[in-house]
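# Notes for the structure review
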Amino acid sequence: MKLKSPLLLTLLAAIIGGFLILKQINDATDRHGRAAYAHTEALLACGPRPADSEGLKKAQQYISTELAKHGWSTMSQSLVRDTPLGKKTFVNLIARFQTEKLENLEDLKAINTKGILGAHLDSKMIPGIPDFLGADDAASACALIIELAAELGKNHPELAKQLEIVFFDGEEAFGENITPTDGLYGSRAYAFTLYERKPKPQFGIVLDMIGHQDLKIAVPADTDRKLYQSLLNAAQAKGYEKHYGMAKGSIIDDHLYLNKAGVPTIDIIGADFNHTHWWHQSGDDLDLISAESLTISYHTTMGMLIELLGR
Ligand SMILES: [Zn+2]
């Protein structure tokens, strides 16, 4: 074929260019990001997930079923606490890999734990937004953990055995903001189990708001330096470092009581979330979630787990 017309050449160049751009977009998302996206969709289909709700129970059931497919057992840690809305029951869902018996906290304490991976499953109850779903706060993080657990179970069983996974309940406050007496109900109760562990877990990773479009993450300024370095190493290995930074101050989230219990824990959380157009607003729905961001979060978290659990 002979191409003489400049118009034809331009057209051809445009087609090839368009194809390359399309390929680049597709390459930014992989099967792990797409799987995490599908799990996010499934969790949101359970409905809103505040403490003691049907939606939360359905979401916990979904997670247990998915994890069981890959060799993970789950147990519940239930607690009753006074809240601004009266007494409430909270349930943390805790998972271990290829364990013989996992029925109660005593069983849990008998299994060695090198690292903890957690996220909060509850969604905030917000006056005026009865159907608030908390897609990135924090269904997407729980969905990502399902995919991480599946992959660890399949390809890194020795590492999976050293990891404890927790889906916290009651991270969200019933009042507008988390206070010393409102919010972090589940992670606080879970952290108490850590005091009696021998040996003590070496690290924790908490994920929160890690699936939003145009991913921006800022860890608290008081994050353990080794864990922060591990995060940066994992991100750099994939060319994802521009998505990660450090906040100016500390952040109140589920990592707080784990740190207090002596387990250095990093909170990988959406940057400057309280200035976004979606945090604790109706925009925190599936439209906000990006399979590309989940791909980035997947590989960064997996990189950290492989490094930290393999030490
Ligand atoms: Zn929240």
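Presented here is an overview of the structure given in this document. Throughout this description, residue numbers start from 1 for each chain and increase along the sequence as written. Restriction of local features to residues with pLDDT of at least 70 applies here, the model being predicted, together with a cutoff of 80 or more for giving and counting side-chain atom pairs; totals for whole chains, interfaces and linings are based on all residues. In computing side-chain values, all of the structure's heavy atoms are included and hydrogens and water are not.

### Details of the overall build of the protein chain
Along its length, the protein chain carries 10 helices and eight strands. Principal axes of the C-alpha set define a box for the protein chain whose edges measure 80 × 45 × 40 Å. Each residue is placed in one exposure class: buried if its accessible area under a 1.4 Å probe, protein chains only, is under 20% of its type's maximum, exposed if it is over 50%, and partly exposed if it falls in between. Taken over 311 residues, the protein chain has a buried fraction of 53%. By definition, residues are in contact when any of their heavy atoms lie within 4.5 Å. By sequence separation, contacts in the protein chain at least 24 residues apart represent 78% of the contacts at least 6 residues apart. Approximately 14200 Å² of the protein chain is accessible, and the part contributed by carbon and sulfur atoms is 56%. Helix numbers and strand numbers start at the N terminus; a helix is a DSSP run of H or I with at least 4 residues, a strand a run of E with at least 2. Computed with a 1.4 Å probe, the accessible areas rest on the Shrake-Rupley method; for each residue, only the protein chains presented here act as cover.

### Describing the side chain of Asp-169
In this structure, Asp-169 sits in the loop between β4 (163-168) and α7 (185-192). For the charge count, each Lys or Arg is scored as positive and each Asp or Glu as negative, with His and the chain ends excluded. Criterion for a salt bridge: a side-chain nitrogen of Lys or Arg within 4 Å of a carboxyl oxygen of Asp or Glu. The buried charged residue Asp-169 lacks any salt bridge partner; its closest oppositely charged side chain belongs to Arg-49, at an N-O distance of 8.7 Å. Here Asp-169 is in contact with Ala-51, Leu-56, Thr-89, Phe-90, Val-91, Asn-92, Asp-122, Tyr-185, Gly-186 and Ser-187, once residues within four sequence places are set aside.

### Notes on the packing of aromatic side chains
Any two of the Phe, Tyr and Trp rings considered here, Trp counted by its six-membered ring, make a pair once their centres fall within 6.5 Å; the pair's planes then place it as stacked at under 30 degrees, edge-to-face at over 60, or tilted in between. All told, the structure shown has seven aromatic pairs when counted by the stated rule. Judged by centre distance (5.8 Å) and plane angle (65 degrees), the rings of Phe-168 and Tyr-190 are edge-to-face. Placement of the pair is Phe-168 in strand β4 and Tyr-190 in helix α7, with a sequence separation of 22 residues. An identical accessibility class is assigned to Phe-168 and Tyr-190; each is buried. An aromatic cluster of three or more residues is present, and its members are Phe-90, Phe-174 and Tyr-185.

### Some details on the packing of helix α2 (residues 31-44) against helix α3 (residues 54-68)
Axes, fitted as lines to C-alpha atoms, cover a helix only where it is in contact. Angles between the N-to-C directions of the axes lie from 0 to 180 degrees. Where α2 contacts α3, the two axes come as close as 9 Å, and the packing angle between them is 145 degrees. The two elements α2 and α3 cross, and the hand of that crossing is right-handed. For the pair formed by α2 and α3, the contact residues are His-39, Ala-42 and Leu-43 on the first element and Ala-59, Tyr-62, Ile-63 and Glu-66 on the second. Here the residues of the contact of α2 with α3 sort into five nonpolar, one polar and one charged. Crossing handedness follows the turn of the near helix against the far one: under a right angle anticlockwise gives a left-handed crossing, and clockwise gives a right-handed one. Ten residue types, Ala, Val, Leu, Ile, Met, Phe, Trp, Tyr, Cys and Pro, are classed as nonpolar, four, Asp, Glu, Lys and Arg, as charged, and the remainder, Gly among them, as polar.

### Let's talk about the environment of Ser-64
Mapping Ser-64 onto the fold places it in helix α3. When the C-alpha atoms of Ser-64 and Ala-95 are compared, they prove to be 8.3 Å apart, with 31 residues separating the residues in sequence. Ser-64 has contacts with Thr-74 and Leu-93, leaving out every residue within four places of it along the chain.

### Here's the deal with the sheet that holds strand β3 (residues 115-120)
The strand order across the open sheet formed by six strands is β1-β2-β4-β3-β5-β8, and the pairing between neighbours is mixed. Strands with a single pairing partner mark the edges of an open sheet, and in this sheet they are β1 (72-83) and β8 (265-269). With direction set aside, neighbouring strand axes in the sheet form an average angle of 20 degrees. Pairing of strand β5 (residues 203-208) with β8 involves five bridges; the strand directions are parallel. Here, any two strands with at least 2 DSSP bridges between them count as paired.

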